[in-house]
Structures are given as structure tokens and as C-alpha cells.
Amino acid sequence: MHPGTRHKKRVLPVHAPHPVSFCFFLFFFLRAASVDSLFRCLLSIDILQPALISTLLERLPEFYDELEQDQSSSCTARLILHQLRWLDHIVNPQKLTSTLIEQMVTFLKEWMDEHKELTVPILDTLSNLTLHSESLEDVRQKVMEGLPAAEVDDLAVMIKFLLQTVTQSTVDLTIVDLRQNMDFRTLVRLQNAATRRNQGTQQGTAPQQYPEALILESIKLGLQFHRFVSTAWIKALVALETERAHKVMDMMVIFILHSMASMKKKAEQILRKKIIARLITSKLIKETLTNHAHGLASYWGSIIALAESLLRSSHQHGFLASCAQALYTHAFKSSDAYYRQEIIGSLVTHVGSGVKEEMDVALQVLLVLAQELPSTLATYSVFLKGILDYLDNLSLAQIRMLFDVFNLLAIKVKMPGT
């Protein structure tokens, strides 16, 4: 008899012999007189169960080919797995779970190699496994190496997989590799080109559904999934010692960290120290906000909060004021109507604060916006008129700047009440 056929017979249902005999009472004792296989009966005996489970699972990969061809319940692979269903008691559940996951990982890896079109759904499945498998390491390496040439729409799932399957021993190298392999400048060009090509079929796409936005969401999920990932990424940010070493991705990660309640203060401290050290400049801020507005759609609230914090601290260092001005100016230009109103409200609050540094920067931002986006700024004229309540607290130079704003809006746009 063929070994596979003999093994299959062991996992098929066993029928009790007739007439009644000793075997009948044995099967009755095992509560499997007419429905369970020999293996199923023996699995009810604790002392035999671990070795039998190991034997069953070791043989399982031999029948993967049959599993693809035979969809019936009599397929050997399904019969083997059926032996483990609804057992009254499992002696070593942790080992069984670990072994099953190893089997799934091995099977999915083989499928990913044979069916490239299934790479994304398979990676999405693997990233949701709660137990780390050492056999994932070669998959992780392939995914990391494939990032530079990957399709834009696949990057979010690939990054999610890398960050959710990382370990404390590999997290530092993973972050270094991600920073090296993820080029957001190229990404946004590809994204914009794809958007132009698909304008006729994808009108009305929400900003949160753009590939760049999904990538940032995957990074955020990774930072939240393992606490040691956020700790390691903060360490990597702090370790950057030159202006040239700082990338658009680093600014985005700071925004993401600030959006997480547990990391808000830490993100503010990192950004403030790097600006004072002239490692993060207005130029990098402008590039990040102007070129990556779609990706940052979920983070304008954090960006405005960071601008407020920097401007309130501007008396400590002049560079803080210039970077706060850049955040406010380019956030207004790139965000939507809701957050523009929030920005104007925040600027009016700064003007009324009585702190010279805050008042000067807020009025300077309003003047730049009046020069470059008069029609958009005029939409919020009702808030701007509220600044007139603070005239007694403004210096002559500040009053002149304020009326320059009103004059520009009156000349370029028919501002209500002018």
C-alpha cells in the first residue's frame, strides 16, 4: 500500500466492529465508536497527544499539492487538520499554535514565490499574525530589498508588514533601511503622475486614500503596534547630526509622533531642539508641506499645534519664529478650508497675546498670505476684523503691517465692509 494512502486511512473515520467486542468498549470509552479516526481516538489520550500532533503536522506539507487540486472534505490535508478540531483538551496549546503558524508561514511563502500577483494580500496576512516567526526573516529581507522598485500602491502594505513583524533585535536596522529605501520625492512624482493619468476614472478621491497617505498610516500603525518601534525611531531621529541627513520622511515621522497622545511632548522637544541646532530649517518644512499635502491630510491638526508651540517659544531663539512662520504659511496654502480657518484663528490669538515676537510673526504671516492668496484670505475676513479689538496693544509698526493686510485685500479682493 502507498505510504500516503496508508496515512490517509489513519485519519478517516473508524467504525466499531460488530458484534460487540472488547474493541467496541474501547471505542465507546474514547467516545468515538462510529465517527472518529484512529488518530482522533488516540489524541484523546494526554500522554500520546503531543507526539501524535507533531507527527500529523510534520506530514501536512507533503499534501499541499493535493490540497490545491482536491477541494473535497476527503482531501488528506483537510483530514489531518480535522483531527485537531474540537478536541476536548490540548496538552500543549502554545506549541500547537506556534507549529500551525510556522506551517502557515511556510505555505504562504511558497505561494508568494509562485504567485507574484498575490504578494500584497499575503504580506497583509503575514503582518496580522500576532506571533513572530523566525521563518519570516527571509521574507522581510526580500520585501525591504523590493521597496525601491515596488508599485506605489503596494508600498503601504509592505511597510506595514515590515514594522509589525519587526523584533527588538532588528528594529534599528529596519528603520535605517526604511529611511534609505523610501524616497518620498520620487514617490510624490509617481503619485501625481498616476493621478493625472486616472483623472477621468478616479475623480473625487479622498486625500486619505492617496498612496502617500496610506504609507504614513502604515508607519503610524507600526509605531503604535510595538512601543519599542516608536522608541527606536525617536532614537534614530535624535542621532541625525547634520542638516543634510534630515529628510522629508523625518519631518513626517515627527508629525506622526505628535499625533500620538503618548508621544506629543517628545515630538515637540525633538523638533524644537533640531530647529535651534539649525538641523531642521524652513526650507525642509516648506518642501514637506508644499509637496506632500495629500499625504499629510490627517496631520494638519498636529502641524498647527506644533506651529503654535514653536511660536510661543520664539522668545528663546529666532530660528523658532522663522520655522513657526513657515509652518503656518505653507500649512495655510496646502490644507483645506477647515484647517485654514483654524490657522487664522490661531494667528489672531497670537496677535492678541501681547508678546511682541508672537505678534510680529503672526502679522507677517497674514501679510504674506494677503500678498500671495488674497482671495482665499478674504474668505476669513470676519476673523481678521477681530484683530482691530487689539489695536491698543499694537505698536506703530504692527498697526502699519495690519493695515497693509487690509489694504491688499481691499485692492485685490472686494473684502466685505471695506
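Residues numbered from 1 in each chain as written. Predicted model: local features only at pLDDT ≥ 70, side-chain atom pairs only at ≥ 80, totals over all residues. Heavy atoms only, no water.

### Digging into the confidence of the model for the protein chain
Low pLDDT marks regions whose predicted coordinates should not be analysed in detail. Considering every residue of the protein chain, the mean pLDDT works out to 83; 82% of them sit at 70 or more. Within the protein chain, the element-level pLDDT minimum falls on helix H2 (residues 22–29), averaging 43, and the maximum on helix H15 (residues 248–259), averaging 97. Below pLDDT 50 for its whole length, residues 22–34 participates in 20 contacts with residues either more than four positions away or in separate chains. (pLDDT = per-residue confidence, 0-100. Helix = DSSP H or I, 4+ residues; strand = E, 2+ residues; numbered from the N terminus. Contact = heavy atoms within 4.5 Å.)

### Remarks on a nonpolar patch on the surface
A surface patch of nonpolar side chains, about 280 Å² in accessible area, is lined by Ile45, Ile47 and Leu48. Within the secondary structure, Ile47 is located in the loop between helix H3 (38–42) and helix H4 (49–59). (Patch = residues over 30% accessible without salt bridge, like charges linked within 9 Å, V, L, I, M, F, W, Y side chains within 5 Å. Areas by Shrake-Rupley, 256 points an atom, 1.4 Å probe, with all protein chains shown as cover. Salt bridge = Lys/Arg side-chain N within 4 Å of Asp/Glu carboxyl O.)

### Describing helix H21 (residues 356–372)
The end-to-end C-alpha separation of H21 is 24 Å, in line with the 24 Å expected for 17 residues at 1.5 Å each. Those residues of H21 that are buried are in contact with helix H18 (300–312), helix H19 (318–334), helix H20 (337–351), helix H22 (374–378), helix H23 (381–384) and helix H24 (396–412). (Expected span 1.5 Å × (residues − 1).)

### Thoughts on the packing of H18 against H19
With their axes 8 Å apart at the nearest point, H18 and H19 run at an angle of 150° to one another. In terms of their interaxial angle, H18 and H19 are classed as roughly antiparallel. Pair H18 / H19 crosses with left-handed handedness. In contact with Trp300, Ile303, Ile304, Leu306, Ala307, Glu308, Leu310 and Leu311 of H18, H19 contributes Leu320, Ala324, Leu327, Tyr328, Ala331 and Ser334. Across the contact of H18 with H19, the residue classes tally to twelve nonpolar, one polar and one charged. (Axes fitted to C-alpha atoms, helices over the stretch in contact; angles between N-to-C directions. Parallel < 35°, antiparallel > 145°, perpendicular 65-115°, else oblique. Left-handed = near helix turned anticlockwise from the far one by under 90°. Nonpolar A, V, L, I, M, F, W, Y, C, P; charged D, E, K, R; others polar.)

### A short note on H19
In a regular helix each residue adds 1.5 Å, so 17 residues correspond to 24 Å; H19 covers 25 Å between its end C-alpha atoms and thus fits that length. Within H19 the residues assigned to the buried category are Leu320, Ala321, Cys323, Ala324, Ala326, Leu327, Tyr328, Thr329, His330, Ala331 and Phe332. (Buried < 20%, exposed > 50% of the residue type's maximum accessible area, 1.4 Å probe, protein only.)

### Regarding the nonpolar core
In terms of nonpolar packing, the biggest core is built from 102 residues, with Leu178, Trp233 and Leu377 touching the most fellow members. Ignoring any residue separated from it by four or fewer positions in sequence, one finds Leu178 in contact with Met144, Leu147, Ile159, Leu162, Leu163, Trp233 and Met249. Leu43, Leu52, Ile53 and Leu60 belong to the second largest nonpolar core, which has 14 residues in total. (Core = buried A, V, L, I, M, F, W, Y, C linked by side-chain atoms within 4.5 Å.)

### Overview of the packing of H15 against H18
The geometry of H15 relative to H18 is characterised by a closest axis approach of 9 Å and an angle of 95° between their N-to-C directions. On the basis of the axis angle, H15 is roughly perpendicular to H18. Contacts from Phe255, His258 and Ser259 in H15 reach Ser302, Ile303, Ala305 and Leu306 in H18. Residues of the contact of H15 with H18, tallied by class, amount to four nonpolar, three polar and no charged.

### A few points about unusual backbone geometry
The phi angle at Arg278 is positive, at roughly 65°, despite the residue not being glycine. Turning to its location among the elements, Arg278 is positioned in the loop between helix H16 (264–276) and helix H17 (282–291). By relative accessible area, Arg278 is classed as exposed at 53%.

### Quick notes on the packing of aromatic side chains
The tally for this structure, following the rule as stated, stands at three aromatic pairs. When the centroid spacing of 6.1 Å and the interplanar angle of 75° are considered together, the rings of Phe332 and Tyr380 count as edge-to-face. Of the two residues, Phe332 sits in helix H19 while Tyr380 sits in the loop between H22 and H23, which places them 48 residues apart along the sequence. The ring of Phe332 carries the charged tip of Arg340 above its face, separated from the ring centre by 5.5 Å. (Phe/Tyr/Trp six-rings, centres within 6.5 Å; stacked < 30°, edge-to-face > 60°. Lys NZ or Arg CZ within 6 Å of the ring centre and 35° of its normal.)

### Describing the pattern of salt bridges
Inspection of every chain in the model, using the stated rule, returns seven salt bridges. The shortest N-O distance in the salt bridge between Arg140 and Glu137 comes to 3.7 Å. Of this pair, Arg140 and Glu137 are both found in helix H9 (residues 137–146), three residues apart, which corresponds to roughly one turn of the helix. Owing to a relative accessible area of 26%, Glu137 belongs among the partly exposed residues under this scheme.

### What to know about the side chain of Ser314
Position of Ser314 relative to the elements: it lies in the loop between H18 and H19. Not counting residues up to four positions away in its chain, the partners in contact with Ser314 are Leu320, Ala321, Glu357 and Glu358.

### Let's talk about the environment of Ser335
Looking at the element boundaries, Ser335 is found in the loop between H19 and H20. Ser335 sits in the buried class, given a relative accessible area of 7%. For the pair Ser335 and Ala297, spaced 38 residues apart in the sequence, the C-alpha separation amounts to 7.4 Å. When neighbours within four sequence positions are excluded, Ser335 is seen to be in contact with Trp300, Arg340 and Ile343. From its side chain, Ser335 meets the backbone oxygen of Ala331 in a polar contact 2.7 Å long. (Polar contact = N/O pair within 3.5 Å; in protein donor to acceptor, adjacent residues only side chain to side chain.)

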